[in-house]
Amino acid sequence: MASFTVKTAHLHCVVNTVRLLNMHRTKETLCSIRSYVTEGDNRIPKIYTKTGDKGFSSTFTGERRPKEDHIFEALGNTDELSSALGLAREFCLDSGHTFTHQLDKIQCILLDIGSNIATPRSSARESHMQRTRFTAQPTSDLEIWMDEFTAELPPLTNFIIPSGGKSSAALHFARTVCRRAERSVVSIVRSGEADPEVARFLNRLSDYLFTLARFAAMKEGRDEKIYKKT
């Protein structure tokens, strides 16, 4: 059993998780749990690697790039988006919402997106691309979920200010982080370094989160703040 090191601050969590995700794609569990210890090795691994002390980090293809590179900027934004979703999910669980399994799945999909971003096509071998390819299916799932929520919502007739209770407000916050993640990914996709479906998914995800925020507010009986010209 292979081991890996999670290093969120330096974005190694996404880069090193590429191998983990692809080894477990055939399993039924949504997010696989791995041991930090290799078989027969009882040593406790260190959370730090020191490999990024000079301001460089590695892509999945083995390239060493400066940490301010657009690849790592995009990885950081998708990582932040997952954290924002995790916080929103906790509020939604506290409120008894039944759609949280969708947020679970989306957080796992964001790791798949990170794997794709961390595999720049200019330096990737075919084996790299096969293992990190991102398809259109997750985007289609978002559209189906959105249509189901929209069917229950009243028509949107005004601009809405993020509000509607903690669940709704947290989902709105995640939506704005999603927009930033999308902006940072667009140039990478346009240059051919990542799959176009990555940008398409993030674009659709922000619409999904807006819809879900409204749905959460409605289910909780909370009023949404309406924009009024001052």
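Residues numbered from 1 in each chain as written. Predicted model: local features only at pLDDT ≥ 70, side-chain atom pairs only at ≥ 80, totals over all residues. Heavy atoms only, no water.

Applicable threshold: UniProt positions are given in the numbering used here, feature names are shortened, and annotations may be inferred rather than shown by experiment.
In the annotation of an unreviewed UniProt entry, the protein chain is listed under the name Corrinoid adenosyltransferase MMAB and assigned to Tetraodon nigroviridis. The UniProt entry for the protein chain carries the following text under Catalytic activity (unreviewed entry): "cob(I)alamin-[corrinoid adenosyltransferase] + ATP = apo-[corrinoid adenosyltransferase] + adenosylcob(III)alamin + triphosphate". Entered under Sequence similarities (unreviewed entry) in the UniProt record, the comment concerning the protein chain runs "Belongs to the Cob(I)alamin adenosyltransferase family."

**Some remarks on a nonpolar patch on the surface**
Our working rule: A patch is a set of surface residues, each over 30% in relative accessible area and not in a salt bridge, joined within 9 Å for like charges and within 5 Å for the nonpolar side chains Val, Leu, Ile, Met, Phe, Trp and Tyr. Note that accessible areas follow from Shrake-Rupley with a 1.4 Å probe, and for residues the cover is restricted to the protein chains shown. When a carboxyl oxygen of Asp or Glu lies within 4 Å of a side-chain nitrogen of Lys or Arg, that pair is called a salt bridge. Labels follow the DSSP assignment, with helices taken as runs of H or I lasting at least four residues and strands as runs of E lasting at least two, numbered in each case from the N terminus.
Together, Phe159, Ile161 and Tyr227 make up an exposed nonpolar region whose accessible area comes to about 340 Å². Position of Ile161 among the secondary structure elements: in strand 3 (residues 160-161).

**Remarks on helix 3 (residues 100-117)**
Let me state the cut-off plainly: Between the first and last residue of a helix there are one fewer steps than residues, each counted as 1.5 Å, and that sum is the expected span. Burial status follows relative accessibility: with a 1.4 Å probe on protein chains alone, a residue under 20% of its type maximum counts as buried, one over 50% as exposed, and anything between as partly exposed.
The first and last C-alpha atoms of helix 3 sit 26 Å apart over 18 residues, in line with the 26 Å expected at 1.5 Å per residue. Here helix 3 lies mainly inside the structure; 14 of its 18 residues are buried.

**What to know about the pattern of salt bridges**
If you walk through the whole model with that rule in mind, you get 15 salt bridges. The partner of Arg133 in a salt bridge is Glu126, and the shortest N-O contact between them spans 3.6 Å. For Glu126, a relative accessible area of 42% gives the class partly exposed. Counted as one network, the salt bridges with shared partners bring together Glu143, Glu197, Arg200 and Arg204.

**Here we look at the environment of Tyr208**
We apply this condition: Any two residues having at least one pair of non-hydrogen atoms within 4.5 Å are treated as being in contact. Pairing of N or O atoms within 3.5 Å defines a polar contact, subject to two protein rules: one partner must be a possible hydrogen donor and the other a possible acceptor, and residues neighboring in sequence count only if both atoms are side-chain atoms.
Topologically, Tyr208 is positioned in helix 7 (residues 196-220). You can call Tyr208 buried: its relative accessible area is 0%. For the pair formed by Tyr208 and Thr150, sequence separation is 58 residues and the distance between their alpha carbons is 9.8 Å. Setting aside residues no more than four positions away along its own chain, Tyr208 makes contact with Gln102, Leu103, Ile106, Leu142, Trp145, Met146 and Phe149. There is a polar contact of 2.7 Å between the side chain of Tyr208 and the side chain of Gln102.

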